[in-house]
Amino acid sequence: MATPTGPEPRWHWTRFLFILPFIAMFWVSSYNRVDPVLFGFPFFYWYQLLWIVLAAAIAGIVYKAEH
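For the structure given in this document, a descriptive report is provided here. The structure displayed is predicted, hence computed values, not measured ones.

1. Observations regarding the overall build of the protein chain
Across its full length, the protein chain holds 2 helices and 0 strands. Counting over 67 residues, the protein chain shows a buried share of 16%. If you take every contact in the protein chain between residues at least 6 apart in sequence, the share linking residues at least 24 apart comes to 45%. Accessible area for the protein chain stands at about 5,700 Å²; split by element, carbon and sulfur atoms hold 73% of it.

2. What about the nonpolar core?
A general trend in soluble globular proteins is that nonpolar side chains are found buried together. Within the largest apolar cluster, 7 residues are counted, these being Ala24, Tyr31, Phe43, Tyr47, Trp51, Ile58 and Val62. Ranked by the residues each element gives to this core, the list is headed by helix α2 (residues 43–66), at 5 residues. Once residues lying within four places of it in the same chain are set aside, the contact partners of tryptophan 51 are Leu20, Pro21, Ala24, Met25 and Ile58.

3. A look at the packing of helix α1 (residues 19–26) against α2
Contact geometry for α1 and α2: axes closest at 9 Å, N-to-C directions at 165 degrees. In terms of axis orientation, α1 runs roughly antiparallel to α2. The handedness of the crossing between α1 and α2 comes out as left-handed. For the pair formed by α1 and α2, the contact residues are Leu20, Pro21, Ala24 and Met25 on the first element and Tyr47, Gln48, Trp51, Ala55 and Ile58 on the second.

4. Some details on unusual backbone geometry
Here the residue pair aspartate 35 and proline 36 is connected by a cis peptide bond, since its omega of 0 degrees sits within 30 degrees of zero. Along the chain, proline 36 turns up in the loop between α1 and α2. In this structure, phenylalanine 39 takes a positive phi of about 55 degrees despite not being glycine. Inspection of the secondary structure puts phenylalanine 39 in the loop between α1 and α2. Given a relative accessible area of 78%, phenylalanine 39 falls into the exposed group.

5. Remarks on the packing of aromatic side chains
As enumerated under the stated definition, the model contains 7 aromatic pairs in all. Aromatic pair tyrosine 31 and tyrosine 47: ring centres 5.1 Å apart, planes at 25 degrees, arrangement stacked. With a gap of 16 residues between them, tyrosine 31 in the loop between α1 and α2 and tyrosine 47 in helix α2 connect regions that are remote in the sequence. Residue class for tyrosine 31 comes out buried when judged on its relative accessible area of 5%. One aromatic cluster is present, built from ring pairs that chain together Tyr31, Phe43, Phe44, Tyr45, Trp46, Tyr47 and Trp51.

Thresholds applied
- Residues numbered from 1 in each chain as written.
- Predicted model: local features only at pLDDT ≥ 70, side-chain atom pairs only at ≥ 80, totals over all residues.
- Heavy atoms only, no water.
- Helix = DSSP H or I, 4+ residues; strand = E, 2+ residues; numbered from the N terminus.
- Buried < 20%, exposed > 50% of the residue type's maximum accessible area, 1.4 Å probe, protein only.
- Contact = heavy atoms within 4.5 Å.
- Areas by Shrake-Rupley, 256 points an atom, 1.4 Å probe, with all protein chains shown as cover.
- Core = buried A, V, L, I, M, F, W, Y, C linked by side-chain atoms within 4.5 Å.
- Axes fitted to C-alpha atoms, helices over the stretch in contact; angles between N-to-C directions.
- Parallel < 35°, antiparallel > 145°, perpendicular 65-115°, else oblique.
- Left-handed = near helix turned anticlockwise from the far one by under 90°.
- Phe/Tyr/Trp six-rings, centres within 6.5 Å; stacked < 30°, edge-to-face > 60°.

And the structure:
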């Protein structure tokens, strides 16, 4: 009995965008400082929170590009 197969999984170039948050968070010396302060939060904290939002946006872009 043959099993139905779906479409072949594709590798889309937009998946390379996932490298950006990875590099941004593992290059600690780039954000290991206090200044500039934004709304009372040191740079160290708001930079990481910004990348949470950016990573979610990147995931949305990749999802839209693949579907």
